[in-house]
Amino acid sequence: MREAPRLSPDGPELDEDGAQDVTPDEVEVELRPQRRLRIWQLAPIVGLGALGSLMFAFPLAFGSGDGGAVLAMLGLLLCGCAAGWGMMAARRVGYSWPGLPPRGSGERPDWRVIALYATLVTLMVALAVWRVARLR
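As a convention, each chain's residues are numbered from 1 in the sequence order in which they are written. Residue-level local features of this predicted model are given only where pLDDT is at least 70; pairs of side-chain atoms are given and counted only at 80 or more, and the full residue set underlies all totals for whole chains, interfaces and linings. Only hydrogens and water are removed before side-chain values are computed, so all heavy atoms of the structure are retained for them.

- An unreviewed UniProt entry annotates the protein chain as Transmembrane protein originating from Streptomyces fradiae ATCC 10745 = DSM 40063.

What follows is the structure in structure tokens.
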């Protein structure tokens with residue numbers, strides 16, 4: 001009986017001429033599962049984001065009394081928490097923001113992309129705070 005080629009930590013052993021000694025009936029299979037977000041990770045993020053969006057949108061749209069500003073700010077806080085939680089979960093499985101290099105690649109992010117993201121976040125927060133301040 002012929003013994004299968006031994007594996008080193010970085011792949012199969014090669015012959016002297018650099019060829020891999022593999023018999024036709026051997027198949028190399030990746031044993032690690034794919035890194036992706038699972039439903040148990042996504043469900044609380046989506047639920048918290050939806051709840052926060054509703055809490056933020058309804059007082060602003062319909063002007064519901066004295067507690068509207070407080071309820072809207074709580075909804076904004078929940079939306080922000082859900083977004084942060086989602087970003088951290090995505091980062092753990094290896095995803096990155098569009099325009100930014102993947103984690104651990106050694107590349108430096110472009111300062112223009114970071115400035116664009118910072119401007120968008122600042123604009124959204126300013127608009128939200130301005131709208132809630134107008135409820136008073």
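On we go.
1. Considering the overall build of the protein chain
Now for step 1: Under the scheme used here, helices are H or I runs from DSSP no shorter than 4 residues and strands are E runs no shorter than 2 residues, and both carry numbers assigned from the N terminus. Helices and strands together make up the secondary structure of the protein chain, namely three helices and two strands.
Now for step 2: Ordered by position from the N terminus, the helices and strands of the protein chain form the series β-β-α-α-α.
Now for step 3: Residues counted as buried form 18% of the 136 residues belonging to the protein chain.
Now for step 4: Note on contacts: a residue pair is in contact if any heavy atoms of the two residues lie within 4.5 Å. Long-range pairs, those at least 24 residues apart, make up 51% of the contacts in the protein chain with a sequence separation of at least 6. The buried label applies to any residue whose accessible area, calculated with a 1.4 Å probe on protein chains only, is under 20% of its type's maximum; exposed applies above 50%, and partly exposed to all values in between.

2. A word on the UniProt feature "transmembrane region" (unreviewed entry) in the protein chain
Now for step 1: Under the UniProt annotation, the feature "transmembrane region" (unreviewed entry) is placed at residues 42–62, 68–90 and 111–133.
Now for step 2: Each end of residues 111–133 is marked by a C-alpha atom, and these two atoms are 32 Å apart; helix forms 100% of the span and strand 0%. UniProt positions are given in the numbering used here, feature names are shortened, and annotations may be inferred rather than shown by experiment.

3. Re the confidence of the model for the protein chain
Now for step 1: What pLDDT conveys is the predictor's confidence in a given residue, as a value from 0 to 100. Confidence along the protein chain averages 77 in pLDDT terms, with 69% of residues attaining 70 or more.
Now for step 2: Taking the mean pLDDT of every element in the protein chain, the minimum, 54, falls on strand S1 (residues 7–8) and the maximum, 88, on helix H3 (residues 111–133).

4. So, a nonpolar patch on the surface
Now for step 1: The patches described consist of residues with a relative accessible area above 30% and no salt bridge, like charges being joined within 9 Å and nonpolar side chains (Val, Leu, Ile, Met, Phe, Trp, Tyr) within 5 Å. Computed by Shrake-Rupley with a 1.4 Å probe, the accessible areas treat only the displayed protein chains as cover when residues are assessed. Basic side-chain nitrogens of Lys or Arg form a salt bridge, by our definition, when they fall within 4 Å of a carboxyl oxygen of Asp or Glu. On the surface, Ile39, Trp40, Leu42 and Val46 cluster together to form a nonpolar patch covering roughly 470 Å² of accessible area.
Now for step 2: Mapped onto the secondary structure, Val46 falls in helix H1 (residues 39–62).

5. Considerations on H3
What sets the pattern is the α-helix's 3.6 residues per turn: residues three or four places apart point alike.
Now for step 1: An expected span of 1.5 Å times one less than the residue number is assigned to each helix. Taking 1.5 Å as the rise per residue, H3 with 23 residues should run 33 Å; its terminal C-alpha atoms sit 32 Å apart, in good agreement.
Now for step 2: Those residues of H3 that sit buried are Val113, Ala128 and Val132.

6. Description of helix H2 (residues 68–92)
Now for step 1: For H2, spanning 25 residues, the distance from its first C-alpha to its last is 36 Å, which sits close to the expected 36 Å at 1.5 Å a residue.
Now for step 2: Taken together, the buried positions of H2 are occupied by Gly68, Ala69, Ala72, Gly75, Leu78, Ala82, Gly86, Ala89 and Ala90.
Now for step 3: One or two residues past the end of H2 sits Gly94, with phi positive at roughly 105 degrees.

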